[in-house]
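Summary of structural features
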Amino acid sequence: MPKGLIYFVLFFLTINSYAQSNRFKEQLDSIQELRQLSKNNNLDLDKRMFYAEQANDLSHKTKVDSTVLRSRYNLAWLYMLDKKYSKESIRLNHKNLKLAHKLNDSVSIAYINMHLGYVYQNLDKSDSAYYYYYKSLKIYKDFNKLLNNDFDFLNQSIVLYNIARLQVIERDYVGSQASIIQGINILLTIPETEESLDNLWCLYDILGKNLKHLKKYEKALEYYNKALSISGKMKNNFESQLFTKINIADLYREAGKYNNVFRIYNELLEDKTLEKKDPTSYAAILNNIAYTMFLAKDKDYNKIDSLFNKAYNIFNDPELFYELSAVGNDMAEFYYDTNQKDKALFYSKKSYEYGKKANENSEVLRALKMLSKLKEGNEGKAYLYEHIKLNDSLISLERANRNKYARIQFETDQYIKEAKRLTTQNILIVVIGSILVFTLGLLYFIKVQRTKNKALVYEQMQQEANQEIYALMLNQHEKLEMGRLLERHRISEDLHDGILSQLFGTRMGFGFLQVGGDKETLKQYEQLQQELQSIEKEVRDVSHELKADSSFSKTSFETILENYVKQQSAIGNFKYSIKKERLLLFETISNSIKVAIFRIVQEAIQNIIKHAKANVLTISFKEKENILYLSIEDDGIGFDAKTKHKGIGLKNIESRVLKLGGTFNITSKPNQGTIVNISVPT
């Protein structure tokens, strides 16, 4: 194929690859933008779902599973917020579960199970909700040690909160408390954020409700106050403060402390914008004030009636069935007590109807009890029998539900065990297949390894030969040094015992002579004696220096290296210096490393003599944290280290360094010299 055509094809492929990469990045940016729009709470739900669907469609075009998963469970979450899309939300979440299992993404699996729990809880299917919540919780607990993300811990606490809510509905207050405490303990281990504080407030608030149901009013008040304290740390705490204060007032009313109830509600009504900001809570406060006045035997019936009717009308506009049922029952009690039985009958029937629509059995029971009082004869008995029947069925259901969640946990655990067993079986099949492949690969590897072993044996023999050569060099050097040292000692002794003694004797002989003459002659005589004494001192100093071994304190390796560099400097006509940190002791370094370092220096100096035309060579040694650092620097002509291929000398150096498990780096530029940096573990 012509070279021109090859270059054209390569150019075309490069451009195409770049275009694809750029297009993929643009798609991801668009997906991110659409996801952000879908999470904007200021937009209506339909608009948010539109953006989420667009993000989902674009994600499928990328064919990247993780991108598809994120977009799809974002869409499933928005579908969950609208009950008419609940089935679609369930379908999408199950698809997400399959994809998360394919990606082996345990955190996403836990998160999606939590979403399914939300959907079924919104559909009032508590068994299914608990099943998925428990699966999510179990995954989070199994991976608890691996979790390093505060967001995952937060989700775990949210799952526990929703399980606690389900347990309260089923009147399992003890089990609910256990779930709440687990959730609180998790949140106390992570940093405080708006989300973690909000969930902590929810947990303390529901714990207060729990204890109120158990008639433990003081403890309930303690946890309500903790909820208020947590709410005080939140930025957007209007609703949390309002709800908790209403719950505290409700607690005081049940405990018969009516003055505290009025005090709290009056404080809340000081906010003149409350009716506009939260009409439902405002209506609840009006109803609770009226009902508390009734319980406290307040005789201002007109005010009670006015407050009840105003609250009822506010609830009636959006048809809040639970609230209408509750306030209607309160009004029926008031009208019955004030002998307005027609009104009591009207509101009791309405509460009975709304209670059934809201699936609030407690309000249905209240309505039936009042209707049985208001209606005489068989009709009243019919209401009473229905009340007894419903109450008995609720008691039976409560008994049956006490162990229902334990059964769901058991069945879920069994399902998970079976899934793990099947997974293990599949893994076993894969392992057996892998062993067969590994065996074939091993046979091939053995064949290749035999060939490599021959090369290794040769290399080992070469290394041993190097060690022997180095040992012989050391031995020869030690003999030379020993000869020099003995000769120095002999000369020192001859100087000290011979010449020095003779000089001393001569000087002493001069001292005993009676020299006469003039002053000038005597002065010359004394000067000659002093000069003899000075010569004695010089001879003594030379003798001591010859005797001393300080000039031979260098190690044999250093001496051999310096002798070699000295010889080569004469050949290459360059000056040199060898620098070493004072604390570096070559005696502690193994011979194999010293041989390799010596060979590396040889290779480097040969390169310098052949190519560098250097005037100065500097060799530096230092050791830090069991790493020996060697730097070989010259001021030669250098070369472009980025473009020029390494010669055989540099390749040999690099090979020796790598065999020692070290690192090799060369820095050079034209006309700027060359630096070879080497580090080797000792």
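From a predicted model like this one, the values you see are computed outputs, not experimental measurements.

About the thresholds
Residues numbered from 1 in each chain as written. Predicted model: local features only at pLDDT ≥ 70, side-chain atom pairs only at ≥ 80, totals over all residues. Heavy atoms only, no water. Helix = DSSP H or I, 4+ residues; strand = E, 2+ residues; numbered from the N terminus. Buried < 20%, exposed > 50% of the residue type's maximum accessible area, 1.4 Å probe, protein only. Contact = heavy atoms within 4.5 Å. Areas by Shrake-Rupley, 256 points an atom, 1.4 Å probe, with all protein chains shown as cover. Pairing = 2+ DSSP bridges. Patch = residues over 30% accessible without salt bridge, like charges linked within 9 Å, V, L, I, M, F, W, Y side chains within 5 Å. Salt bridge = Lys/Arg side-chain N within 4 Å of Asp/Glu carboxyl O. Expected span 1.5 Å × (residues − 1). Axes fitted to C-alpha atoms, helices over the stretch in contact; angles between N-to-C directions. Parallel < 35°, antiparallel > 145°, perpendicular 65-115°, else oblique. Left-handed = near helix turned anticlockwise from the far one by under 90°. Polar contact = N/O pair within 3.5 Å; in protein donor to acceptor, adjacent residues only side chain to side chain. Phe/Tyr/Trp six-rings, centres within 6.5 Å; stacked < 30°, edge-to-face > 60°. Lys NZ or Arg CZ within 6 Å of the ring centre and 35° of its normal. Core = buried A, V, L, I, M, F, W, Y, C linked by side-chain atoms within 4.5 Å. pLDDT = per-residue confidence, 0-100. Nonpolar A, V, L, I, M, F, W, Y, C, P; charged D, E, K, R; others polar.

We now examine the overall build of the protein. Helix and strand counts for the protein stand at 24 helices and five strands. Looking at the protein as a whole, 39% of its 682 residues qualify as buried. Taking as baseline every contact in the protein between residues at least 6 positions apart, the subset at least 24 positions apart corresponds to 62%. Put simply, the protein shows about 41400 Å² of open surface, and 54% of that area lies on carbon and sulfur atoms.

Once that is clear, we can look at the environment of Lys-135. Looking at the secondary structure, you find Lys-135 in helix H6 (residues 126-142). For Lys-135, a relative accessible area of 13% gives the class buried. In this structure, the C-alpha to C-alpha distance between Lys-135 and Gly-117, residues 18 residues apart in sequence, is 9.4 Å.

Below, the discussion takes up the pairing of strand S5 (residues 674-681). As defined by bridge partners, strand S3 (residues 627-634) adjoins S5 across eight bridges and the pair is classed as antiparallel. Of the residues in S5, the one forming a bridge with Leu-630 is Ile-678. One ladder, built from six bridges, connects strand S4 (residues 663-668) with S5; its direction is antiparallel. Its bridge partner being in S5, Thr-667 is matched across the sheet by Ile-675.

A cluster of nonpolar side chains, Phe-438, Leu-440, Leu-442, Leu-443, Phe-445 and Ile-446, forms an exposed patch at the surface whose accessible area comes to about 610 Å². Tracing the backbone through its elements, the reader meets Leu-443 in helix H20 (residues 404-512).

With that out of the way, let us pick up helix H16 (residues 321-337). Taking 1.5 Å of rise per residue, 17 residues should cover 24 Å, and H16 covers 24 Å from first to last C-alpha, within 8% of that figure. All of the buried residues in H16 are Leu-324, Ser-325, Ala-326, Val-327, Gly-328, Asn-329, Asp-330, Met-331, Ala-332, Phe-334 and Tyr-335. Packed against the buried residues of H16 are helix H14 (279-295), helix H15 (301-316), helix H17 (341-358) and helix H18 (361-374).

Here helix H7 (residues 150-169) crosses helix H9 (residues 194-213) at 20 degrees, and the two axes come no closer than 10 Å. With respect to each other, H7 and H9 are oriented roughly parallel. In this structure, H7 meets H9 at a crossing whose hand is left-handed. Of the residues in H9, those touching H7 at Leu-154, Ser-157, Ile-158, Tyr-161, Ala-164, Arg-165 and Val-168 are Glu-195, Ser-196, Asn-199, Cys-202, Leu-203, Ile-206 and Asn-210.

By way of backbone hydrogen bonds, the strands of a sheet pair with one another, either parallel or antiparallel. Ordered by their spatial adjacency, five strands build an open sheet running S1-S2-S3-S5-S4, and the pairing between neighbours is mixed. With partners counted over all chains shown, the strands left at the sheet margins are strand S1 (575-580) and S4, one partner each. Mean inter-strand twist for the sheet, computed between neighbouring axes without regard to direction, equals 10 degrees. Packed on one face of the sheet, helix H22 (residues 556-572) meets S1 and strand S2 (616-624) and runs near 165 degrees to S1. The sheet contacts of helix H24 (residues 648-659) involve S4 and S5, and relative to S4 the element is tilted by about 150 degrees.

Residue position: Asp-330 is located in helix H16. Asp-330 gets classed as buried once you look at its relative accessible area, which sits at 6%. Within polar-contact distance, the side chain of Asp-330 engages the side chain of Arg-366 at 2.7 Å. Setting aside chain neighbours within four positions, we find Asp-330 in contact with Asn-287, Tyr-291, Phe-308 and Arg-366.

This paragraph deals with the pattern of salt bridges. Under the definition given, this model contains 17 salt bridges. Where Asp-65 meets Lys-102, a salt bridge forms, and the shortest distance between an N and an O atom there is 3.0 Å. Of the two residues, Asp-65 sits in helix H3 (residues 65-81) while Lys-102 sits in helix H4 (residues 86-103), which places them 37 residues apart along the sequence. Note that Asp-330 is salt-bridged to Arg-366, the shortest N-O span being 2.7 Å. Note that Asp-330 is positioned in helix H16 and Arg-366 in helix H18, a separation of 36 residues in sequence.

Of the two faces of S4, the one holding Phe-664, Ile-666 and Ser-668 is buried and the one holding Thr-663, Asn-665 and Thr-667 is not buried anywhere. Linking S4 back to S5 in an antiparallel pair, the connection comprises five residues, with Asn-671 at a positive phi of about 65 degrees.

We now examine H18. Compared with the 20 Å implied by 1.5 Å per residue over 14 residues, the 20 Å span of H18 between its first and last C-alpha is a close match. Among the residues making up H18, those that are buried are Glu-363, Val-364, Leu-365, Ala-367, Leu-368, Met-370, Leu-371, Ser-372 and Leu-374.

To continue, consider the packing of aromatic side chains. Applying the stated rule across the entire model yields 21 aromatic pairs. Of the aromatic side chains, those joined through ring pairs into one cluster are Tyr-291, Phe-294, Tyr-301, Phe-308, Tyr-312, Phe-334, Tyr-335, Phe-346 and Tyr-347. It is Lys-622 that lies over the ring of Tyr-629; its NZ or CZ is 5.8 Å from the centre.

Before going further, it helps to spend a moment on the nonpolar core. Burial of nonpolar side chains together is a common tendency in soluble globular proteins. Tyr-133, Tyr-265, Ile-285 and Phe-308 are the most contacted members of the largest nonpolar core, which totals 104 residues. The element that contributes the greatest number of residues to this core is H7, accounting for ten residues. Beyond its immediate sequence surroundings of up to four residues, Phe-308 is in contact with Asn-287, Ala-290, Tyr-291, Val-327, Asp-330, Met-331 and Phe-334. One finds Ile-600, Val-601, Leu-628 and Leu-630 within the second-largest nonpolar core, a separate group that totals 34 residues.

All right, on to unusual backbone geometry then. Backbone geometry at Lys-297 places phi at a positive 65 degrees, although glycine is not the residue there. With respect to the helices and strands, Lys-297 occurs in the loop between H14 and H15. Although it is not a glycine, Asn-671 sits at a positive phi angle of roughly 65 degrees. Relative to the elements of secondary structure, Asn-671 occurs in the loop between S4 and S5.

Attention now moves to the confidence of the model for the protein. Taken residue by residue, the protein gives an average pLDDT of 83. The fraction at 70 or more is 80%. Taken as a whole, residues 550-554 scores under 50 in pLDDT and shows six contacts with residues more than four places along the chain or in a different chain.

Let's shift gears to the packing of helix H12 (residues 258-269) against H14. Packing of H12 against H14 brings their axes to within 10 Å, and their N-to-C directions diverge by 155 degrees. One way to sum up the angle between H12 and H14 is to call them roughly antiparallel. For the pair H12 and H14, the crossing hand works out as left-handed. Contact residues: Tyr-258, Val-261, Phe-262, Tyr-265, Leu-268 and Leu-269 in H12; Tyr-282, Ile-285, Asn-288, Ile-289, Thr-292, Met-293 and Leu-295 in H14. Each residue belonging to the contact of H12 with H14 can be placed in one class, and the counts come to eleven nonpolar, two polar and no charged.

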